[in-house]
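In case you want the letters, here they are:
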Number of protein chains: 2
Amino acid sequence: MTVPGDGRRPLVSFVGAGPGDPELITVRGLRRLREADLIVHDRLVPTALLAEASADAELIDVGKAPGRHCLAQDQINRLLVERACAGRFVVRLKGGDPAIFGRLAEEVRAARAARIPVEIVPGVTAGTAGAARAGISLTERGGASLIVFATATDRAGGLASGFDWGLLARAQATLVFYMAVRRLATVTATLISLGRDPGAPALVAENVGRPHERLIAGPLARIAADARAAQAASPAIMICGPTVASALAGLERSRFAEMVR
Amino acid sequence: MTVPGDGRRPLVSFVGAGPGDPELITVRGLRRLREADLIVHDRLVPTALLAEASADAELIDVGKAPGRHCLAQDQINRLLVERACAGRFVVRLKGGDPAIFGRLAEEVRAARAARIPVEIVPGVTAGTAGAARAGISLTERGGASLIVFATATDRAGGLASGFDWGLLARAQATLVFYMAVRRLATVTATLISLGRDPGAPALVAENVGRPHERLIAGPLARIAADARAAQAASPAIMICGPTVASALAGLERSRFAEMVR
C-alpha cells in the first residue's frame with residue numbers, strides 16, 4: 001500500500017471529483033488531475049475538471065449513462081491495471097467521494113492484485129453537498145445524532161434489498177438516499193408503511209452543483225409526487241430528517257423552490 | 001437564503017476545512033479563505049490553511065481543546081453576526097464537513113435570524129478520509145449498502161444516548177464513529193453485547209491527514225485494547241464493517257500498522 005503524502009507518487013490515484021461543481025474537488029484531487037498521464041472518468045464528472053488535464057494526457061470515458069453500458073467493470077479494472085503496469089500515472093476520477101457508492105472496492109482490489117501502488121483522494125459526497133446547498137446540517141445536537149447513507153435502488157433498478165427497511169424507517173437519524181429519483185414513490189411509501197412519520201420534512205436535491213440544480217422540499221408523504229410533478233431526474237438524492245425542517249421552517253414551500261432555482 | 005454560485009458573495013461562508021491535510025480542502029473553500037476579512041476557526045483546522053488568509057485578514061480561534069472552552073456557542077454566534085452586520089466577509093472554518101457533527105445548525109440559525117446571507121461550502125469528512133487512508137471503500141455492492149455516521153460520545157463525554165444502540169449493532173452497515181477514542185471500550189462492548197460480531201473487522205484512524213496520523217486495525221472485540229495500548233488519542237474515528245476486512249485481507253495486522261505509520 002502506498003501511503004499518500006509520503007513523497008512517492010502512486011500509479012493509480014482514485015480521485016473524488018465532488019458532486020458536480022468543479023470548485024468542489026479537493027486541492028489534491030485537482031493536482032492529481034493535472035499530473036495524470038491518463039484520466040479514466042465517469043460520465044458525471046464536470047467537464048471543467050477534465051479541461052485541467054495536461055495537454056498530452058489521455059482521457060477515457062468509461063461512464064455509464066442509464067441504460068447504456070460503456071465499459072463493463074472488469075474491463076475498467078483491466079484498463080487501470082494495464083496502463084499502470086506500463087508505467088503511466090493513472091487517475092481514476094469518480095463522482096462525489098469514491099468510497100461512498102462509488103464501486104471503489106472492485107477497482108482497488110484489482111490494482112492490489114497486480115501489486116500496483118494506489119492512493120485514494122477522498123471527495124465531497126453528494127449527500128453533504130446537497131445539504132449545503134439547502135443550507136442545512138445533517139446532524140444537530142439533541143436532534144439528529146445519526147446519519148444513514150443508503151442507496152434507493154439496486155443494480156437492477158429495483159428497490160434496494162440489501163438492508164433492513166424497517167430499521168431505516170425507525171432510525172432516529174437523518175436519512176440520505178442516493179440514486180433516489182427512480183424509486184422515490186416506492187422508497188417513501190415503504191418508509192411510511194414501516195413507521196416513518198409521513199409529515200417528516202424531506203428534500204430532493206437534483207443535479208447538485210450543476211447548472212440545472214434544483215431543490216424540492218416537502219413532507220415525506222408528498223415529496224415523490226412533488227418531484228414527479230417537477231420532472232426531477234437522475235442524478236438526485238433525497239434527504240429526510242429533523243434538520244431539514246429546521247432549515248425550511250419559516251420558508252413557504254413554493255417560495256423556497258423558487259428561491260433556490 | 002443566498003444561493004452560492006449566483007454571483008453574489010455571502011456575508012458568512014461556512015467552510016469545511018477537510019480532515020486535517022491542508023490539500024483536502026476544496027478549491028472553493030480555499031478561495032473563500034483567501035477572500036475573507038475575518039476567519040473564525042476551530043482548534044483542529046490546519047495551520048497551513050490559515051496561512052492562506054490575506055495579510056489584512058483577522059483570525060480568531062474559537063476552538064475548544066478537550067476540557068478547555070474558548071468561546072461558548074452563543075458567543076460564537078454573536079461574533080459571526082456582529083462582524084457580518086458590520087459588512088465584513090466572514091469565513092467560519094470548521095474541521096471536516098460542517099454538516100457532519102460540526103454544530104452548523106446553531107450558527108446558520110443565528111445568521112438567518114439576523115437576515116445575514118450565508119453559504120455552506122461542504123468538505124471532506126473524517127469518515128471518508130480515514131477510509132481513504134486505509135485504502136478501503138465504505139460501501140460495496142452486495143456487501144455493504146448502508147453507511148451509518150454516529151458520534152460515540154455525547155456533549156458531556158458519556159456514551160451517546162440519543163439513538164438506538166441495538167439498531168446500530170444489528171444494522172448490515174458500515175459503522176463510522178466520530179469522537180471515538182475516549183469511549184471506545186464501552187462502544188465496542190455495547191455493540192457486541194447487542195449482537196454485533198466480535199470478530200468484525202474494525203479500524204481506528206487517529207489524526208487523519210495530520211503528521212501524526214496512525215491507523216490501527218483489528219477485530220471489534222480487540223480494537224479498543226489495541227488502541228489503548230497504542231495510546232491513541234483524540235481526534236480519531238472508528239470504522240467497523242465488512243469492507244474493512246476486504247482491505248485488510250492478506251495484510252498481517254502488525255505489518256499493516258507498521259506500513260501506514
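Residue indices begin from 1 for each chain and proceed along its sequence in written order. Each chain gets a letter, beginning with A, and each ligand a number, beginning with 1, in the order they are written. In keeping with the predicted nature of the model, local features appear solely for residues at pLDDT of at least 70, side-chain atom pairs appear and are counted solely at 80 or more, and the whole-chain, interface and lining totals rest on all residues. Here the side-chain values reflect all heavy atoms present in the structure, with hydrogen atoms and water set aside.

Trainee: Go over the packing of aromatic side chains, please, and point to the residues and values.
Mentor: Each Phe, Tyr or Trp ring (for Trp, its six-membered ring) is paired with any other whose centre lies within 6.5 Å, and the angle between the two planes then decides the class: stacked below 30 degrees, edge-to-face above 60, tilted in between. The final tally for this structure, using the stated rule, is seven aromatic pairs over all chains. With a centroid separation of 5.1 Å and an interplanar angle of 50 degrees, the aromatic rings of F101(B) and Y178(B) are classed as tilted. Placement of the pair is F101(B) in the loop between β4 (90-94) and α4 (104-113) and Y178(B) in strand β7 (residues 174-178), with a sequence separation of 77 residues. An identical accessibility class is assigned to F101(B) and Y178(B); each is buried. Grouping aromatic residues by their ring pairs yields a cluster made of F101(A), F149(A), Y178(A), F101(B), F149(B) and Y178(B). Numbering of helices and strands runs from the N terminus; a helix is a DSSP stretch of H or I covering at least four residues, while a strand is a stretch of E covering at least two. Exposure is judged per residue with a 1.4 Å probe applied to protein chains only, and the accessible area is read against the type maximum: over 50% gives exposed, under 20% gives buried, and values in between give partly exposed.

Trainee: Before we move on, can you summarise the relation of the copies chain A and chain B with the specific residues and values?
Mentor: Between the two copies of the chain lies a rotation about an axis combined with a shift along it. With an RMSD of 0.0 Å, the operation that places chain A on chain B is a rotation of 180 degrees combined with a shift of 0.0 Å along the axis. Both copies of the chain, as the preceding transformation shows, are related through a two-fold rotation axis. Pairs of residues are marked as contacts when any of their non-hydrogen atoms sit within 4.5 Å. Residue by residue, 98% of the interface of chain A is reproduced at the interface of chain B, so both copies engage with the same surface. Alignment of copies: least-squares fit on C-alpha atoms of residues with pLDDT of at least 70 in both copies.

Trainee: Run through helix α1 (residues 27-35) of chain B, naming residues and quoting values.
Mentor: The periodicity of an α-helix, 3.6 residues per turn, causes residues three or four positions apart to be oriented the same way. Taken residue by residue, α1(B) has R28(B), G29(B), L30(B), R32(B) and L33(B) as its buried positions. Each element contacted by the buried residues of α1(B) is listed here: α1 (27-35) of chain A together with β1 (12-16), β2 (38-41), α2 (47-50), β4 and β5 (118-121) of chain B.

Trainee: Tell me about the nonpolar core, and name the residues and values.
Mentor: For this analysis, a nonpolar core means a set of buried residues of the types Ala, Val, Leu, Ile, Met, Phe, Trp, Tyr and Cys, connected via side-chain atoms within 4.5 Å. L138(A), F149(A), L138(B) and F149(B) are the most contacted members of the largest nonpolar core, which has 83 residues in total. Sequence-distant contacts of L138(A), that is, excluding residues within four places in its chain, are made with G127(A), T128(A), A131(A), A144(A), I147(A), F149(A), T174(A), V176(A), I239(A), T243(A), A99(B) and I100(B). Counting residues in hydrophobic clusters, the runner-up holds 62 residues, among them L175(B), V187(B), A224(B) and A236(B).

Trainee: Could you give an account of the interface of chain A and chain B, with specific residues and numbers?
Mentor: If you look at the interface, chain A gives 64 residues, while chain B gives 63 residues. Each partner contributes to the roughly 5,600 Å² buried at the junction of chain A and chain B, and carbon and sulfur atoms together form 59% of this total. Should a side-chain nitrogen of Lys or Arg be within 4 Å of a carboxyl oxygen of Asp or Glu, the pair is scored as a salt bridge. Our count for the contact surface shared by chain A and chain B stands at ten salt bridges. Linking R28(B) and E23(A) is a salt bridge whose minimum nitrogen-to-oxygen distance equals 2.8 Å. Whenever two N or O atoms come within 3.5 Å, that pair is a polar contact, provided that in protein one can donate a hydrogen and the other can accept it, and provided that, for residues adjacent in sequence, both atoms are side-chain atoms. Summed over the shared surface of chain A and chain B, the number is 26 residue pairs in polar contact (both at pLDDT 80 or more). If you list the elements that add at least two residues to the side of chain A that touches chain B, you get α1, α4 (104-113), β5 (118-121), α5 (126-133), β6 (146-151), α6 (165-170), α9 (242-248) and α10 (253-260) of chain A. For the side of chain A that touches chain B, the residue count by class is 37 nonpolar, 13 polar and 14 charged. Pairing between strands is defined by DSSP: at least two bridges between the two strands are required. As paired elements, β6(A) and strand β6 (residues 146-151) of chain B share five bridges and run antiparallel to each other. Take the accessible area each of two parts loses on contact, using a 1.4 Å probe, and add the two losses: that sum is the buried area. When residues are sorted by character, Ala, Val, Leu, Ile, Met, Phe, Trp, Tyr, Cys and Pro go into the nonpolar class, Asp, Glu, Lys and Arg into the charged class, and all the rest, Gly among them, into the polar class.

Trainee: Tell me about the pattern of salt bridges, and please be specific about residues and values.
Mentor: Applying the stated criterion across every chain, the model contains 32 salt bridges over all chains. Linking R109(B) and E140(A) is a salt bridge whose minimum nitrogen-to-oxygen distance equals 2.5 Å. With R109(B) in helix α4 and E140(A) in the loop between α5 and β6, this pair bridges two chains. Judged by relative accessible area, R109(B) falls into the partly exposed class, the value being 39%. Where salt bridges share partners, they join D21(A), E23(A), R28(B), R31(B), R32(B), E35(B) and E119(B) into one cluster.

Trainee: Explain the environment of R43(B) to me, and be specific about the residues and the numbers.
Mentor: When you line up the elements, R43(B) lands in the loop between β2 and α2. Each C-alpha atom of the pair R43(B) and A131(B) lies 23 Å from the other, and the pair is 88 residues apart in sequence.

Trainee: So what about the sheet that holds β5(A)? Which residues, and what values?
Mentor: Strand pairing in a sheet takes place through backbone hydrogen bonds and is either antiparallel or parallel in direction. Residue and element names in this part refer to chain A. One open sheet accounts for five strands, arranged β3-β2-β4-β1-β5; its pairing is parallel. Among the strands making up the open sheet, the edge pair consists of β3 (58-61) and β5. For this sheet, the mean angle separating the axes of adjacent strands, direction not counted, is 20 degrees. Pairing analysis gives four bridges linking strand β2 (residues 38-41) to β3, with the strands arranged parallel. Bridge pairing in β3 places V40 opposite I60. Angles shown run from 0 to 180 degrees and are taken between the N-to-C directions of axes, each axis being a line fitted to C-alpha atoms and, for helices, limited to the stretch in contact. On the sheet, α1 packs against β1 (12-16), β2, β4 (90-94) and β5 and is oriented at approximately 135 degrees with respect to β5.

Trainee: So, the packing of helix α7 (residues 184-193) of chain A against helix α8 (residues 220-229) of chain A: which residues are in play, and what are the values?
Mentor: Residues and elements named next belong to chain A. Following both chains from N to C, one finds α7 and α8 inclined at 175 degrees, their axes separated by 9 Å at the closest point. Compared by their axis directions, α7 and α8 come out roughly antiparallel. For the pair α7 and α8, contact is made by L184, A185, T188, L191 and I192 and by L220, A221, I223, A224 and A227, respectively. When grouped by side-chain class, the residues that make up the contact of α7 with α8 number nine nonpolar, one polar and no charged. For classification, angles of less than 35 degrees are called roughly parallel, those exceeding 145 degrees roughly antiparallel, those between 65 and 115 degrees roughly perpendicular, and all remaining angles oblique.

Trainee: Which residues make up the confidence of the model for chain A, and what values go with them?
Mentor: Residues and elements named next belong to chain A. Confidence scores labelled pLDDT are given residue by residue by the predictor and lie between 0 and 100. Summing up the model confidence of chain A, the mean pLDDT is 87 and the portion of residues at 70 or higher is 87%. Counting interchain partners and residues more than four positions distant, the pLDDT-below-50 stretch residues 250-261 has 19 contacts. For this predicted complex, the interface score ipTM comes out at 0.91, alongside a pTM of 0.91.

Trainee: How would you summarise the sheet that holds β7(B) if you had to cite specific residues and measurements?
Mentor: Strand order in this open sheet of ten strands is β9(A)-β8(A)-β10(A)-β7(A)-β6(A)-β6(B)-β7(B)-β10(B)-β8(B)-β9(B), and the pairing throughout is mixed. Edge positions in the sheet fall to β9 (214-219) of chain A together with β9 (214-219) of chain B, since each of these pairs with one other strand and no more. Ignoring which end each strand starts from, the neighbouring axes of this sheet average 15 degrees apart. Strand direction decides the pairing type here: strand β8 (residues 201-206) of chain A and strand β10 (residues 236-240) of chain A, joined by five bridges, are antiparallel. When the sheet's bridge partners are listed, V204(A) is paired in β10(A) with M238(A).

Trainee: I'd like a rundown of unusual backbone geometry, residues and numbers included.
Mentor: Residue and element names in this part refer to chain A. Between S234 and P235 the backbone carries a cis peptide bond, its omega angle lying at 0 degrees. Positive phi is not limited to glycine here, since R103 has a value of about 50 degrees. Relative to the elements of secondary structure, R103 occurs in the loop between β4 and α4. Of note, M179 is a non-glycine position whose phi angle comes to about 50 degrees, a positive value. The topology assignment puts M179 in the loop between β7 (174-178) and α7.

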